[in-house]
Amino acid sequence: MFSLNGSSFLNNSLSGVSKSLTQSSQRKISAPSVVVASVSSNGRPADRNVSVLMENTLKEMRENAPSSSSPSQSQVTEIEPASTVGGGVEDVYGEDTATEDQYITPWTVTVASGYPLLRDPHYNKGLAFTLKERDAHFLRGLLPPVVVSQELQVKKMMANMRQYQVPLQRYMAMMDLQERNERLFYKLLIENVEELLPVVYTPTVGEACQKYGSIFRQPQGLFISLKEKGRILEVLRNWPEKKIQVIVVTDGERILGLGDLGCQGMGIPVGKLSLYSALGGIRPSACLPVTIDVGTNNEQLLNDEFYIGLRRRRATGQEYAELLDEFMNAVKQNYGEKVLIQFEDFANHNAFDLLAKYGTTHLVFNDDIQGTASVVLAGLITALNLVGGTLSDHRFLFLGAGEAGTGIAELIALEISKQTNVPVEEARKKIFLVDSKGLIVKSRVESLQHFKRPWAHEHEPVRTLLDAVKVIKPTILIGSSGAGRTFTKEVVEAMSALNEKPVILALSNPTSQSECTAEEAYTWSEGRAIFASGSPFSPVEYNGKFYASGQANNAYIFPGFGLGLIISGAIRVHDDMLLAASEALAEQVSQENLDKGLIYPPFSNIRKISAQIAARVAAKAYELGLATRLPQPENLEKYAESCMYSPNYRNYR
């Protein structure tokens with residue numbers, strides 16, 4: 001018996017061969033059979049149940065092939081019957097005798113020994129295949145004789161991972177594992193989430209994106225560029241999985257705090273979707289990472305010989321809008337109305353417009369604007385247990401008025417409005433924002449971008465952050481500027497002089513862009529600060545006491561938020577869902593966490609937290625009439641848990 005892997009026959013994607021296959025398969029064939037495993041371009045079977053008779057078909061294809069010397073007219077390269085390759089194996093496809101200017105079909109023939117199974121990340125278990133499975137799937141001799149458990153594999157992989165000293169090496173090792181053994185990758189990540197989260201996502205993913213062209217090995221998502229304009233639906237149909245529930249898409253213009261990384265921003269959707277599966281329980285096969293490549297304005301990348309994207313300046317205006325519109329419509333046409341589209345790391349001038357444009361027609365979510373806002377609001381709700389009062393009793397000062405800053409500010413205002421029954425416009429008066437030109441005030445309104453204008457208060461101009469702290473007298477200082485070390489010693493000391501327990505959130509990523517470090521915050525505040533950051537910091541010792549800072553990581557929110565939308569069949573995202581997610585997360589912080597100064601729960605229990613967030617989000621979807629999955633489950637939390645993907649190995653027949 002033989003197995004054939006190549007492109008999908010069912011989709012007639014073998015140019016020049018599918019027609020012959022269709023015609024030949026209609027004839028009665030009595031020769032020995034060949035098992036055909038149709039495989040996609042990344043080595044994953046496109047239809048694992050297909051089995052057709054092939055040996056005579058291949059022979060007929062050679063005998064009936066046109067004799068034209070033109071490669072464009074020849075379906076199969078003609079060869080001499082006596083032609084052989086090393087070992088006396090017949091050169092069935094003419095691959096070894098074809099000249100470089102002749103076309104060949106990208107397939108291979110191997111003994112049906114299960115070898116392709118070992119190359120399929122969906123089903124590969126490595127040394128965990130049982131002896132019975134090895135016999136049933138022709139794996140005898142292809143693996144060493146030992147059979148190990150998945151638990152031992154996890155232990156071994158973590159031991160290997162800890163030997164790497166360079167974070168990027170750990171990242172590459174994790175990506176290699178994901179492409180080799182998907183379930184082991186997620187098992188490893190789930191059971192060691194606090195240690196590996198900084199590896200598969202921020203801060204290491206930032207460096208991975210910067211060097212993506214150099215470390216690129218195998219595509220992990222869809223790359224849609226201006227070259228695909230008018231054909232995006234066709235490109236989406238090239239993806240081997242058809243039942244997609246979550247898409248994370250970026251155009252690479254504002255990757256973390258690192259700026260325009262163009263096509264190399266693909267590391268962000270890949271990383272986010274890994275967390276959707278590991279932390280939120282969304283099936284990996286239901287996740288689709290997408291990069292929209294419209295060029296880059298990064299001169300260093302344009303001159304980099306290893307850059308993998310379009311070598312042109314960024315498209316803007318109508319050209320950009322038409323490509324994004326085609327993409328959004330194609331997604332809806334191909335996957336339906338309930339697929340969640342998460343916008344990720346778009347520049348300010350596009351992020352707000354895309355969210356406003358498609359928020360009423362698609363199920364869309366911007367993690368930079370809405371996810372960050374939700375996780376920060378949860379931290380602030382928790383911090384009130386340490387500093388006292390309600391949200392409306394506090395004054396907020398932001399450094400940074402982009403997607404994250406204005407998104408957080410708006411959600412805080414909505415929560416204050418909800419708690420106090422005052423108009424949101426009134427609630428905004430307690431929130432002040434500083435951008436690169438100083439405090440946002442009414443006198444600047446004509447020159448402000450539209451998303452900053454709601455925050456232009458009646459106030460005299462203030463140029464620096466330090467002066468703003470002295471004048472506004474905030475109780476809570478939030479950094480979302482993407483500018484490292486901007487919470488200086490003078491700023492932190494000024495906050496400490498104004499407040500017994502100043503709340504300081506340095507949210508910018510990666511670590512190098514954080515407004516201050518945990519050590520700086522605790523030292524300059526003499527150990528009184530309530531501190532959290534966007535990137536992780538190690539515990540700090542000050543005056544003989546250890547301080548463990550929290551991480552305001554979006555991974556607390558978006559996996560559970562997405563799961564809640566999916567299990568309810570929601571068709572739109574509503575602000576009340578974000579508030580519900582924030583409140584659910586805040587409730588997970590224990591008194592023990594608070595005693596340590598933590599305003600976020602440990603990540604070790606993140607899947608349980610995600611299920612609770614999902615339940616609250618789903619409940620809000622049903623309450624708002626936005627859910628389509630009826631009837632509503634009686635216990636949404638248990639239902640969410642039951643829907644979560646498990647990375648444990650399955651038994652094979």
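Predicted model, so just to flag it, every value in this text is computed and none were measured.

Cut-offs and rules
- Residues numbered from 1 in each chain as written.
- Predicted model: local features only at pLDDT ≥ 70, side-chain atom pairs only at ≥ 80, totals over all residues.
- Heavy atoms only, no water.
- Helix = DSSP H or I, 4+ residues; strand = E, 2+ residues; numbered from the N terminus.
- Buried < 20%, exposed > 50% of the residue type's maximum accessible area, 1.4 Å probe, protein only.
- Contact = heavy atoms within 4.5 Å.
- Areas by Shrake-Rupley, 256 points an atom, 1.4 Å probe, with all protein chains shown as cover.
- Pairing = 2+ DSSP bridges.
- Axes fitted to C-alpha atoms, helices over the stretch in contact; angles between N-to-C directions.
- pLDDT = per-residue confidence, 0-100.
- Salt bridge = Lys/Arg side-chain N within 4 Å of Asp/Glu carboxyl O.
- Parallel < 35°, antiparallel > 145°, perpendicular 65-115°, else oblique.
- Nonpolar A, V, L, I, M, F, W, Y, C, P; charged D, E, K, R; others polar.
- Polar contact = N/O pair within 3.5 Å; in protein donor to acceptor, adjacent residues only side chain to side chain.
- Phe/Tyr/Trp six-rings, centres within 6.5 Å; stacked < 30°, edge-to-face > 60°.
- Core = buried A, V, L, I, M, F, W, Y, C linked by side-chain atoms within 4.5 Å.

The next subject is the overall build of the chain. Of regular secondary structure, the chain possesses 26 helices and 21 strands. Relative to its full complement of 653 residues, the chain shows a buried share of 56%. A sequence separation of at least 24 residues applies to 71% of the contacts in the chain between residues at least 6 apart. Approximately 28400 Å² of the chain is accessible, and the part contributed by carbon and sulfur atoms is 49%.

We now examine the sheet that holds strand β8 (residues 222-225). Ordered by their spatial adjacency, 5 strands build an open sheet running β8-β10-β9-β11-β12, and the pairing between neighbours is parallel. This sheet does not close on itself; its edge strands, each paired only once, are β8 and β12 (364-366). Neighbour-to-neighbour, the strand axes of this sheet turn through a mean angle of 25 degrees, independent of strand direction. Against the sheet, helix α16 (residues 367-387) engages β11 (340-343) and β12, with an angle of about 70 degrees to β12.

We now examine the sheet that holds strand β17 (residues 503-506). Pairing is mixed in the open sheet, where 7 strands are placed in the order β15-β14-β13-β16-β17-β18-β21. The open sheet has two edge strands with one neighbour each: β15 (438-439) and β21 (550-551). Two elements, strand β18 (residues 530-533) and β21, share 2 bridges in a ladder whose sense is parallel. The residue bridging Ser-533 from the neighbouring strand is Gln-551, located in β21. Along the sheet, α16 contacts β13 (396-399), β16 (476-479), β17 and β18; its crossing angle with β17, the most-contacted strand, is approximately 155 degrees. The strands touched by helix α19 (residues 465-472) are β13, β14 (431-435), β15 and β16; relative to β13, the strand with the most contacts, the crossing angle is about 175 degrees.

Here the chain averages 87 in pLDDT, and 83% of its residues register 70 or above. Segment residues 1-55 is flagged for pLDDT under 50; beyond a separation of four residues in sequence, or across chains, it makes 109 contacts in the model. This stretch, residues 67-88, has a pLDDT under 50; its non-local contacts, to residues over four places away or in other chains, come to 35 contacts.

Now for the side chain of His-362. Mapping His-362 onto the fold places it in the loop between α15 (348-358) and β12. Since its relative accessible area comes to 6%, His-362 is described here as buried. His-362 has contacts with Met-328, Asn-329, Lys-332, Ile-341, Ile-571 and Arg-572, leaving out every residue within four places of it along the chain.

Counted by the stated rule, this structure contains 32 salt bridges. A salt bridge links Lys-187 to Glu-191; the shortest N-O distance between them is 3.1 Å. Of the two residues, Lys-187 and Glu-191 are both situated in helix α7 (residues 182-191); the distance of 4 residues between them amounts to about one turn of the helix. Judged by relative accessible area, which is 45%, Glu-191 ranks as partly exposed.

On to the packing of α7 against helix α12 (residues 267-280). In the contact formed by α7 and α12, the axes pass within 9 Å of each other and the chain directions differ by 75 degrees. With respect to α12, the axis of α7 lies roughly perpendicular. Taken together, the residues of α12 that come into contact with α7 (itself represented by Phe-185, Tyr-186, Leu-189 and Ile-190) are Leu-273, Ser-274, Leu-275, Ser-277 and Ala-278. Of the residues that constitute the contact of α7 with α12, the class distribution is 7 nonpolar, 2 polar and no charged.

Moving on, we come to the pairing of strand β10 (residues 287-293). Burial runs high along β10: 7 of the 7 residues are buried. Residues Cys-287, Pro-289, Thr-291 and Asp-293 line one face of β10 and the alternating positions Leu-288, Val-290 and Ile-292 line the opposite face, and both faces are buried. Judged from the 4 bridges that link them, β8 and β10 form a sheet pairing that is parallel. In the sheet register, Phe-223 faces β10, and the bridge partner there is Thr-291. Pairing between strand β9 (residues 246-250) and β10: 5 bridges, direction parallel. Residue pairing for β10: Ile-247 is matched across the bridge by Leu-288.

Of note, Asn-192 is situated in the loop between α7 and α8 (193-200). The buried category is assigned to Asn-192, whose relative accessible area is 16%. Only 3.0 Å separates the side chain of Asn-192 from the backbone oxygen of Leu-188, close enough to count as a polar contact. Apart from residues no more than four positions distant in its own chain, Asn-192 is found in contact with Val-154, Met-158 and Arg-162.

Here the focus is unusual backbone geometry. Backbone phi values are negative for most residues with the exception of glycine, while trans is the configuration of most peptide bonds. Here the residue pair Asn-509 and Pro-510 is connected by a cis peptide bond, since its omega of -10 degrees sits within 30 degrees of zero. With omega at -5 degrees, the peptide bond leading from Leu-630 into Pro-631 counts as cis. The phi dihedral of Glu-526 is positive, around 60 degrees, even though this residue is not glycine. Topologically, Glu-526 is positioned in the loop between α21 (518-524) and β18. Exposure remark for Glu-526: the relative accessible area of 55% places this residue in the exposed category.

Attention now moves to the packing of aromatic side chains. Following the criterion strictly, the structure yields 14 aromatic pairs and no others. Between the aromatic rings of Phe-185 and Tyr-186, the centroid separation amounts to 4.8 Å while the plane-to-plane angle is 85 degrees, which identifies the pairing as edge-to-face. We note that Phe-185, like Tyr-186, is buried. With a centroid separation of 5.8 Å and an interplanar angle of 80 degrees, the aromatic rings of Tyr-186 and Tyr-645 are classed as edge-to-face.

In this section: the nonpolar core. If you look at the biggest cluster of nonpolar residues, it comprises 122 residues, and the most contacted ones within it are Leu-380, Ile-412, Ile-478 and Phe-561. Those residues in contact with Ile-412 that lie beyond four places of it in its chain are Leu-377, Leu-380, Phe-396, Phe-398, Ile-431 and Ile-478. Formed by 37 residues, the second largest nonpolar core is a distinct cluster that contains Leu-226, Ile-292, Phe-327 and Val-331.

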